[in-house]
Each structure stands twice: as C-alpha cells, then as structure tokens.
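Take a look at the letters that make up each chain.
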Amino acid sequence: MPARTGRQYLDNLKSLNPEIYLNGRRIAHVTEEPVFAGPLRTIAEQYDLQLDPRYVDVCTYVSPTTGERLSRSFQPCRTKEELVAKRRHFQLRADHTFGMMGRTPDFMNAFVLGWNTNAPVFGELDERFGENARRYYERVRDNDLFMTHVLINPAIDRSKTSSQQEDPFLHLGKVRETDEGIVVRGAKMLSTMAPFAEELVVVPFGGIAPGDDDYAVVFTVPIDTPGLKFICREPVAPAGRTEFDHPLSSRFEEMDCIAVFDDVLVPWDRVVVDGRPGSRDLVNRVLGSDPSVLVVNGARSLASLELLCGIATKIADATGIDNFLHVQEKLGDLISRLDTLRTLFYGAEAMAAPLPDGTWVPYLPGIMAFHMQTAPTHRRMVEVIQILAAGNFFYAPSGGDFANEELRPFIDRFVRGRPGVPAEERVRLFKLAWDVAGDGFGQRLMQYVNYYSGDPVRLTAGLYLGADKSEIHRAVERALAGSDRSLDIPLPPEVLEMAAPPQPTKPLTGMYPAKSQPSS
Ligand SMILES: Cc1cc2nc3c(=O)[nH]c(=O)nc-3n(C[C@H](O)[C@H](O)[C@H](O)COP(=O)(O)OP(=O)(O)OC[C@H]3O[C@@H](n4cnc5c(N)ncnc54)[C@H](O)[C@@H]3O)c2cc1C
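The paragraphs below set out a description of the structure included in this document. (Residues numbered from 1 in each chain as written. Predicted model: local features only at pLDDT ≥ 70, side-chain atom pairs only at ≥ 80, totals over all residues. Heavy atoms only, no water.)

Here we look at the state of the cysteines
Then, in step 1: For the structure on display, the rule yields zero disulfides.
Then, in step 2: Here cysteine 77 is not disulfide-linked; the sulfur of cysteine 59 is the nearest cysteine sulfur, at 14 Å. (Disulfide = S-S within 2.5 Å.)

Right under this line is the structure:
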C-alpha cells in the first residue's frame, strides 16, 4: 500500500495489540482510549493531508519502480530541486501541527531513508544486515508505516558505562542468539508517540564504551512484539480537554513512554547490528539517519517559533500594551530572532551541495547553527509571552462559562480586551498562549525542544571541537601581521558556497566530545 489515508492508518492500528500501560492499566484498544483521541485524530489528518488534492503534489512523489504515489519524506534527494520539494513537504506537515508535535511520521521516515544509503556500511558486519536495513526502508516506505524509535538508555547512573551498571541488563543489550534471531533485554528511555506507532526502531545513541559491544544492537520490531512494553508518562492533556479551553494540547499531546524489553526476540531479518565484536565501533561511527532529518527538525522548529512570535504580538495588541516602549523592544527582539532563524534555514538550503554519495544536503554548519539557536529562541519567546500576559492567563473563563447565559453578559463586559477585542477573542488568545507558555503541555514541549536531539551542552562543545576554524584564525593572523600585510585581503566570494564539499554528518554520538564519555 503506497501513501496512506488517515482511515487506512487507523484501521491498521486497530489490528495491532501492543502492551501500552497508562496509570497502571493496560490499554485494551489504543484507538478507543479517550486520552489518545486528540493526537490520533491529528496523526490521521497528517496522513490525509498528503493525499489532499491541494497538497498531493507537494507531499508525495511517484515511485520510479511502481508508479505509485509515496510519501515525499522517503524520497532520496538526488537534486537540489528534490531537496526543495522535500523541505516544502516537511513544512506543510509541520505547519499542520504548528510544530507542536516533534515525532510525526516525517521524522522517522527521513531517518530510515538513511538506512538505504548506509546499507553497505551495515553490511560490513554481515551482508544480511545491510540487506535488512535496505529492505526495512523499502517496506516502511511502500506501506507508509508509522515508526517510533528509542535511542537512549535510561539514566540510572550516567557516570558508568552500560556493562558497569548494577545489573548488566538495565541498559538494553543482547542476552543471547538463537536460530531465529537475537534476544534483547533491558530498557530504553523515551519513545515518543509509541501508543500511536506501528513499528519501533532501536538505535543506540550517546556513545558506546569500549568492550560494550553487547549493547550495540540496532534492530526493528513490530510495536506489538511479545515482551515489549511501553509505560506512558502521566498525560499532560487529560481526556476531555476541549479545543476552546486548550486549543493546542487537546490536539497535539504526543505522549512519551519508557520502553521495556522483557526478553524480546528480534528475528534475524530485522537485525541491523547484532552486538557482535566490532558492533560498537560501527554504531559509534554511523547513526545511519538521512541528513534530511535536520530539515524535518528545522521545519518543525520554524513552525512553532512563528506561532510563538505571533502569539506574543497578538496578546500585546489585545490588551493595548503594545504602545509601551519596553514591550515594543521585546517584540522587536523576537521578530529579529525569528528572521535570523528563517534566514539561516532558507540560507542553508540556498547553499546546498551534494555529499560524496550524491545526496543533496543544506549547508550543514548553517543548519546545525540554526538547530543550536532554536531552543534559546523558544525559551525566550515563552518568557516574553509570560511577561506580557502576566495575570491575563488567570481570568480566562472556560467554554462552559461562555455557554452560561447568566454569566455571559458579565464575561462580555469585563473579560474583553482593548476596544475592538471582544471577550471571546481575548480569552481564546490567552488560552492559546497558556497552552504553550504555562500549561504542562508547553513545559513538556520546551523540554523537548531543549533535549530532543541530545544533550545541548555536549552537542555545543562538540560543535566547537569539530568546527573548521581556519577562516577565523586567518583573520587573527592578518591582524597580528600588522600594517605590513594590511592590504593582503582574500577576495570575497561572488557566490555564497561551501568552502569545501560537504561530508556526511557524523552521528550526534560522534559529536559529543570523546572525553565526556564514561569508559570501562
Ligand atoms: C520530551 C522528550 C521527548 C523525547 N523523545 C525521544 C524519543 O522519541 N526517542 C528517543 O530516543 N529519545 C527521546 N528523547 C530523549 C532525548 O534524546 C534525551 O533526552 C537526550 O538525548 C538527552 O539525554 P538525557 O535526557 O538522558 O540526559 P543526559 O544526557 O543524561 O543529561 C542530563 C544532564 O546531565 C549532564 N550530563 C550527562 N552526562 C554527561 C556527560 N557525560 N558529560 C557532561 N554532562 C553530562 C547533561 O549536560 C545534562 O545537563 C526525548 C526527550 C524529551 C525531553
């Protein structure tokens, strides 16, 4: 089945029986669980969107082998035009959720595209593994399956390696091999969207210590594989929230779970790295994701920052505070930050070039710089919304109050904004602002933005260590050379382009400074 509709996605989800626990209760039918109703509707809409006649040409491409329409997120970027087409698709689906959901189907679709490209690398350990990686990509692409993923071991004791933990199977590792496959035990923290997914992809991240090959296992399993359990966190959007009172959290609560592997058998045809000697080196060298993951993340970030910036300016206007100088200064600052990020995002695409394997990528230092600046910008936008909203959040009567005929005249009189902003408009606006800047939903989103791609401290330190500093050092050398060399200025480029051909992105694991890793 090629690119699917929302109905086809929901029908398949209904046929699965994963072990999902919520507040001590095993969820009998994910599609009938009230707390999941909002997000499930949204994910179904994501699938519908790609076949909507208005968007189908942006969101799908025609398979060169079967002639069927496939989700654009799976398309390899062999030309700059394909890179642009893909970015537009990612933006459309990110704009649908205002960037409030991080792990919509596009994220993992883009990730496993890299398994196709990296199949020969996985094949270094065993030819079958390269084939498995490639065939998995083809299967999820051709069936448009929704994948969640787990990368990180639970913290437990971060000062120790996996094998040094109190129990050798706290972190997920291989217990044994059988004729059918490998048996794995342990846990991985945080599988976002697990209750809504059909497949789980497991890839270790964060650097595996020498001697810990048993923990270097990469594989996929159906979400309802025996022994695999997901324990949900407490919902940030409990069932029954209305769109009036919670315009974002009622639709976009993506749920996070810890994944527990209670002796899970992974069949050989789903193993990509099996924990044999040499697995650690390979996993630390190659994460295997496609570089377009950076574009998915960028599209989501931009969509959410545009919404946050819009909310800040709207609430300032609604209560007539936008004439105050300090308010204008704060809003001007937000707009300049947003424009800086937009320029980075589109500028990195304008400077795109092909990798040695022919895959077109945006200018990688630019898209990474964009990535590193989105979390501080998100935090500042939330802070400004809080400063400007002050107590306004707390006299925003609920939808039920608006429906009460006796209350309504008082609400209309006292809860309105500046002239021209009626009570309902003002209240809806502040409820929107509360969802992103006050509610648990917004706090979880901020934590997501800070950490979704790894530890920002080590990522930023890794960027410093890996950066090409030759150009900035040349400027220092010229300054030190004094007036003798003052006319020795390099000619500025006519066209902005990369100084050197781009190289494949390191796995983020490889970006953490080596010295920050525990070792055995
Ligand atoms: C909302 C949310 C959703 C997520 N969804 C997913 C998902 O779907 N799939 C998935 O795989 N992951 C997911 N993640 C996990 C994410 O990848 C991790 O949170 C991230 O990699 C950071 O790891 P950690 O949380 O274990 O923090 P740690 O890496 O343990 O860091 C915690 C703190 O300790 C410090 N620290 C720890 N170790 C070191 C060290 N060696 N050197 C220096 N400082 C150190 C860090 O700087 C940080 O301040 C999600 C995270 C969040 C917040």
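Now that the structure has been shown, we can carry on.
Remarks on the sheet that holds strand β11 (residues 256-267)
Then, in step 1: What the six strands build is an open sheet, ordered β2-β1-β10-β11-β7-β6; its pairing is mixed. The open sheet has two edge strands, β2 (25-26) and β6 (173-177), and neither has a second partner.
Then, in step 2: Pairing of strand β1 (residues 19-22) with strand β10 (residues 228-232), which is carried by three bridges, proceeds in the parallel orientation. Paired with tyrosine 21 across the two strands is isoleucine 231, which belongs to β10. (Pairing = 2+ DSSP bridges. Helix = DSSP H or I, 4+ residues; strand = E, 2+ residues; numbered from the N terminus.)

Digging into the site of the ligand
Then, in step 1: Of all residues adjacent to the ligand, which total 21 residues, the nearest are Leu151, Arg158, Thr192, Arg458 and Ser516.
Then, in step 2: Within the side chain of histidine 149, one N or O atom sits 3.2 Å away from a nitrogen atom of the ligand.
Then, in step 3: Separating a nitrogen atom of the ligand from a side-chain N or O atom of threonine 192 is a distance of 2.7 Å.
Then, in step 4: In isolation the ligand exposes 950 Å². Once the protein is present, 77% of that is buried.
Then, in step 5: Residue assignment for the shell around the ligand shows that the elements contributing at least two residues are β5 (147-150), β7 (181-192), α16 (440-451) and α17 (456-466).
Then, in step 6: Of the residues assigned to the shell around the ligand, the class counts are nine nonpolar, six polar and six charged. (Near = heavy atom within 4 Å. Polar contact = N/O pair within 3.5 Å; in protein donor to acceptor, adjacent residues only side chain to side chain. Areas by Shrake-Rupley, 256 points an atom, 1.4 Å probe, with all protein chains shown as cover. Nonpolar A, V, L, I, M, F, W, Y, C, P; charged D, E, K, R; others polar.)

Some remarks on the sheet that holds strand β9 (residues 217-222)
Then, in step 1: Strand order across the open sheet formed by four strands is β5-β8-β9-β12, with mixed pairing between neighbours. The strands lining the two open edges of the sheet, one partner per strand, are β5 and β12 (271-274). For this sheet, the mean inter-axis angle between neighbouring strands, taken without regard to orientation, is 20°.
Then, in step 2: Strand direction decides the pairing type here: β5 and strand β8 (residues 199-202), joined by four bridges, are parallel. Looking at β8, one finds that threonine 148 is bridged to leucine 200.
Then, in step 3: Sitting on the sheet, helix α5 (residues 105-117) touches β5, β8, β9 and β12, and the angle it makes with β5 is about 70°.
Then, in step 4: Helix α7 (residues 127-143) contacts β5, β8, β9 and β12 of the sheet and is inclined by roughly 145° relative to β12. (Axes fitted to C-alpha atoms, helices over the stretch in contact; angles between N-to-C directions. Contact = heavy atoms within 4.5 Å.)

A few points about the packing of aromatic side chains
Then, in step 1: For the coordinates displayed, the defined rule picks out 15 aromatic pairs.
Then, in step 2: In textbook terms, an aromatic cluster arises when at least three aromatic residues are bridged by ring pairs, as seen for Tyr9, Tyr47 and Phe146.
Then, in step 3: Positioned over the ring face of tyrosine 47 is arginine 4, at 5.1 Å from the centre of the ring.
Then, in step 4: A cation sits over an aromatic face here: lysine 469 above tyrosine 464, 4.9 Å from the ring centre. (Phe/Tyr/Trp six-rings, centres within 6.5 Å; stacked < 30°, edge-to-face > 60°. Lys NZ or Arg CZ within 6 Å of the ring centre and 35° of its normal.)

Thoughts on the environment of leucine 170
Then, in step 1: Mapping leucine 170 onto the fold places it in the loop between β5 and β6.
Then, in step 2: On the basis of relative accessibility, which here comes to 24%, the residue leucine 170 falls in the partly exposed class.
Then, in step 3: Separated by 16 residues in sequence, leucine 170 and proline 154 place their C-alpha atoms 7.9 Å apart.
Then, in step 4: Residue contacts for leucine 170: discarding those within four places in its chain leaves Pro154, Ile156, Gln165, Gly186 and Ala187. (Buried < 20%, exposed > 50% of the residue type's maximum accessible area, 1.4 Å probe, protein only.)

Considering the environment of phenylalanine 430
Then, in step 1: Checked against the element boundaries, phenylalanine 430 lands in helix α15 (residues 423-437).
Then, in step 2: As for phenylalanine 430 and alanine 396, which are separated by 34 residues in sequence, their C-alpha atoms are 7.0 Å apart.
Then, in step 3: Excluding residues within four positions of it along the chain, phenylalanine 430 makes contact with Ile315, Thr319, Ala389, Asn392 and Phe393.

Describing helix α11 (residues 325-350)
Then, in step 1: Taking 1.5 Å of rise per residue, 26 residues should cover 38 Å, and α11 covers 36 Å from first to last C-alpha, within 8% of that figure.
Then, in step 2: Burial in α11 covers these residues: Val327, Lys330, Leu331, Leu334, Leu338, Leu341, Phe345, Ala348 and Glu349.
Then, in step 3: The elements touched by buried residues of α11 are α4 (80-96), α10 (292-318) and α12 (364-389). (Expected span 1.5 Å × (residues − 1).)

Structural notes on the nonpolar core
Side chains of a nonpolar character, in soluble globular proteins, are inclined to be buried together.
Then, in step 1: With 133 residues, the main nonpolar core has Tyr9, Val112, Trp115, Phe196, Phe261 and Ile385 as its most contacted residues.
Then, in step 2: At 16 residues, the largest contribution of residues to this core is made by α10.
Then, in step 3: Ignoring any residue separated from it by four or fewer positions in sequence, one finds tryptophan 115 in contact with Phe122, Ala133, Arg134, Tyr136, Val201, Val203, Val218, Thr220, Val272, Leu287 and Gly288.
Then, in step 4: Counting seven residues, the second-largest nonpolar core is a separate cluster that includes Phe244, Ala396, Ala423 and Val427. (Core = buried A, V, L, I, M, F, W, Y, C linked by side-chain atoms within 4.5 Å.)

Here we look at the pairing of β11
Then, in step 1: Judged from the nine bridges that link them, β7 and β11 form a sheet pairing that is antiparallel. Bridged to glycine 181 within β11 is proline 267.
Then, in step 2: In the sheet, β10 pairs with β11 via five bridges, with the strands oriented antiparallel. Its bridge partner being in β11, phenylalanine 230 is matched across the sheet by alanine 259.

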